[in-house]
Amino acid sequence: MLDSRWYEGREQALVKHTFLDAYMPAQIPKIVSWADTFCYVDLFAGPWQSQSGDYSDTSFGIALKRMSEAKAKQAELGRSVRMVAHLVEKDPKNHAELVEAVKRFPAVEVHCYQGMAEQHAAAIAAALPARAFRFVVIDPKGVPDIRKFQCLIAPERTEVLLNFMFQFANRFAGSQDRMPTLEGWLGDLEGEAEWRSEFVELRGAEREAAISERARQVLKRMGTYAFAPALTVDETDVDRTLYKLIYLTRHPAGIRVFRDAHRRALETQSAYRTAKKAEVRKNATGMDDLFAQVTVMEPGERSAKAIADGEAQARTLLLQRLGDNAAGLEWKALWPPVLDACVVTYGALGDIARELWSSGQVEIPVWQSKAVRRPKDEFHFKLPAAG
């Protein structure tokens, strides 16, 4: 359990770590049911500002702990799996601390590298077993040229979590400044000459959506990924995006796990930002807010609103996709693109589908009993005939 007290002054890390702490125990058991080796790669490992005393508030600490637990669980089931980690840290002092810290996790075979991530990426890629599953975390403080890591992004059996520093990209898009490492990879699509001028013409949410979409599409193309959803991490004190965590997967099962972990991270972000705003109001007035929300999430807070808006958008997109396919679609073809595009969990989308069926807005002939709570993959959806 992550303790929010570890994250005072670095609350954005709590959002990221909440995601990792939800994603890894959900995804690893699915992976090691067919893969004998699970590899975790962290190209900017730290540790940075750890306060927990045992590195439970670092990405690598969370990952190695969850990998150790999964290995022990598989052993109980009579299955032997190999857990491997490759961790890179540039700063010599942090690297020395990292080397000592990973000794806490003897169940994981850990390789630590000191130096630039770009220098070690190819060697790490070559060291990974061909049939291993790889989870690659790219979480820099600055803006590296992501193309330098394509050797780790592109292979099959890989999922990626990348910190896209939106705040840098947004400033860059709205100025005449040059940022070669960013424009190099972000411009790596058709229409390279026009993309920056297009962004300059946009403002606010429209520009954020356009920049994020471009980053998602470039990253998808680097490894022919099917899905690239993003988690928005906000600044603590103002309603403004700091960075995006973009997740790459080729499989529907991955997008399903991502959205569950995404929901947990947004709830955490909403709770601490709601509490922070209440504290600011109290300090300004010297009084507790008599009208403060009893719940930890204020409905109007950005993350809480993202959850509500995501479900509404998912409902609209589901109906739109059916409208575009007169013959209808099976659920297994319907739900993955909706989860990719919208902030909605698989369970919430299933509830939306049930409500649409119950109200007669969609037809699902094989769904005969209301005892079935959510649709199955083979359920065929179509809109009712006009008339």
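Everything below is about the structure shown above.
Residues numbered from 1 in each chain as written. Predicted model: local features only at pLDDT ≥ 70, side-chain atom pairs only at ≥ 80, totals over all residues. Heavy atoms only, no water.

A closer look at the pairing of strand S3 (residues 109–114)
Note the following rule: Being paired, for any two strands, means DSSP has found at least two bridges between them. In this description a helix means any DSSP run of H or I spanning at least four residues, a strand means any run of E spanning at least two, and both kinds are numbered starting from the N terminus. If the strands point away from the viewer and the path from the first strand over the helix to the second runs clockwise, then the crossover is right-handed.
In this structure, strand S2 (residues 82–89) lies alongside S3, joined through 6 bridges in parallel fashion. By the bridge assignment, Val88 is partnered in S3 with Tyr113. Once the chain exits S2 it traverses helix H3 (residues 92–101) before rejoining the sheet at S3, and the crossover so formed is right-handed.

Focus: the pattern of salt bridges
This is how it is decided: For salt bridges, the criterion is a side-chain nitrogen of Lys or Arg within 4 Å of an Asp or Glu carboxyl oxygen. Relative accessibility thresholds used throughout: buried, under 20% of the residue-type maximum; exposed, over 50%; partly exposed, between the two (1.4 Å probe, protein chains only).
Summed over all chains, the structure comprises 24 salt bridges. With a shortest N-O distance of 2.5 Å, Asp57 and Arg10 are connected by a salt bridge. One end of the pair, Asp57, is in the loop between strand S1 (37–42) and helix H2 (59–76); the other, Arg10, is in the segment before helix H1 (11–31), and 47 residues separate them in sequence. Taking relative accessible area as the criterion, Arg10 reaches 11% and is therefore assigned buried. Notably, a salt bridge pairs Arg374 with Asp351, separated by 3.0 Å at the nearest N-O pair. Of this pair, Arg374 sits in the loop between helix H13 (346–358) and strand S9 (380–381) while Asp351 sits in helix H13, and the two are 23 residues apart along the sequence. Using a relative accessible area of 35% as the deciding quantity, one classes Asp351 as partly exposed. A cluster of three or more residues bridged by salt bridges with shared partners is formed by Asp21, Arg66 and Glu69.

What about the layout of surface pockets?
Note the threshold: Here a cavity means grid points, on a 1 Å grid over the protein atoms only, where a 1.4 Å probe fits yet cannot get out; a pocket means an open set of points with protein on both sides within 12 Å along at least five of seven lines; lining residues are those with an atom within 4 Å of a point. Grid points are joined across faces, edges and corners, and a volume is the space filled by probe spheres set on the points. Note on residue categories: nonpolar means Ala, Val, Leu, Ile, Met, Phe, Trp, Tyr, Cys or Pro, charged means Asp, Glu, Lys or Arg, and polar means any other residue, Gly included.
For the largest pocket, the calculated volume is near 820 Å³. Lining the largest pocket we find 24 residues, and of these Thr232, Lys244, Gln313, Ala341 and Val343 sit closest to its centre. At the level of elements, helix H9 (204–222), strand S6 (230–234), helix H10 (252–285), helix H11 (302–323) and helix H12 (331–341) are the ones that each hand at least two residues to the lining of the largest pocket. A breakdown of the residues in the lining of the largest pocket according to their chemical character gives 9 nonpolar, 6 polar and 9 charged. The computed volume of the second largest pocket comes to approximately 530 Å³. What lines the second largest pocket is a set of 28 residues, among which Ala13, Lys16, Trp48, Asp139 and Lys141 lie closest to the centre. Of all the elements, H1 adds the most residues to the lining of the second largest pocket, at 4 residues.

Structural notes on empty space enclosed by the protein
What the rule picks out here adds up to 3 cavities of 30 Å³ or more. By volume, the largest cavity is sized at about 60 Å³. Pro140, Gly142, Val143, Pro144, Ile146, Leu162, Asn163, Phe164, Met165, Leu182 and Trp185 together form the lining of the largest cavity. When contributions to the lining of the largest cavity are tallied by element, the ones reaching two or more residues are strand S5 (158–164) and helix H7 (180–186).

Description of the pairing of S5
Judged by how many residues are buried, S5 sits mostly within the fold: 7 of 7 residues are covered. The two faces of S5 match: Thr158, Val160, Leu162 and Phe164 on one face and Glu159, Leu161 and Asn163 on the other face are all buried. Here S5 runs beside strand S7 (residues 241–248); their pairing, made up of 5 bridges, is antiparallel. Across the sheet, residue Val160 finds its bridge partner in S7, namely Leu248.

Considering the nonpolar core
Defined as follows: In plain words, nonpolar cores are sets of buried Ala, Val, Leu, Ile, Met, Phe, Trp, Tyr and Cys residues tied together by side-chain atoms within 4.5 Å. Note on definitions: a residue-residue contact is assigned when non-hydrogen atoms from the two residues lie within 4.5 Å.
Ranked by internal contacts, the top residues of the largest apolar core, which has 90 residues, are Phe38, Tyr40, Leu43, Phe135, Ile138, Phe164 and Trp185. For this core, the element with the most residues is H1, which contributes 10 residues. Not counting residues up to four positions away in its chain, the partners in contact with Phe38 are Met24, Ile28, Ile31, Val32, Met67, Arg82, Met83, Val84, Phe133 and Phe135. Counting residues in hydrophobic clusters, the runner-up holds 26 residues, among them Leu329, Trp335, Tyr346 and Val362.

Details of unusual backbone geometry
Between Gly46 and the following residue, Pro47, the backbone shows a cis peptide bond with an omega angle of 10°. Residue position: Pro47 is located in the loop between S1 and H2. A positive phi angle, near 70°, is found at Tyr55, a position not held by glycine. Mapped onto the secondary structure, Tyr55 falls in the loop between S1 and H2. Take Tyr55: its relative accessible area is 13%, and that puts it in the buried class. One non-glycine residue, Thr224, lies in the positive phi region at around 45°.

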